[in-house]
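# Understanding the architecture of this molecule
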Amino acid sequence: MPCILPVSDLRNYNEVLQNVSEGSPVFLTKNGRGCYAVVDIKEYERLTAERKLQKTLDEGENSAKEFGWLAAADVRAKYEV
């Protein structure tokens, strides 16, 4: 069950932060609408890394579409030590 609180509850931020845990953000509303999310630092780092990885994968896929795919044997030959 998501934890949804009005942003005015930040006056008692210690209580709000007690509800934040990895994989369980606290959503803050302003005028009854979702406005902010407070997440655990580990969750934030995971989301940031995931977004960076997805961007890199998308760039690779776009490159492959534009210039063609490499054969697996060519990749192995290039990176073998």
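Anything mentioned here points back to the structure above.
Residues numbered from 1 in each chain as written. Predicted model: local features only at pLDDT ≥ 70, side-chain atom pairs only at ≥ 80, totals over all residues. Heavy atoms only, no water.

### Notes on the state of the cysteines
Using the criterion set out here, one finds zero disulfides in the structure. The closest cysteine sulfur to the non-disulfide-bonded C3 is located on C35, 16 Å from its own sulfur. (Disulfide = S-S within 2.5 Å.)

### Structural notes on the pairing of strand β2 (residues 26-30)
Pairing geometry for strand β1 (residues 3-6) and β2, over four bridges, is parallel. Paired with P6 across the bridge in β2 is T29. The parallel pair β1 and β2 is bridged by helix α1 (residues 13-18), and the resulting crossover is right-handed. Relative to strand β3 (residues 33-38), β2 runs antiparallel, the two sharing five bridges. (Pairing = 2+ DSSP bridges. Helix = DSSP H or I, 4+ residues; strand = E, 2+ residues; numbered from the N terminus. Right-handed = clockwise from strand over helix to strand, strands pointing away.)

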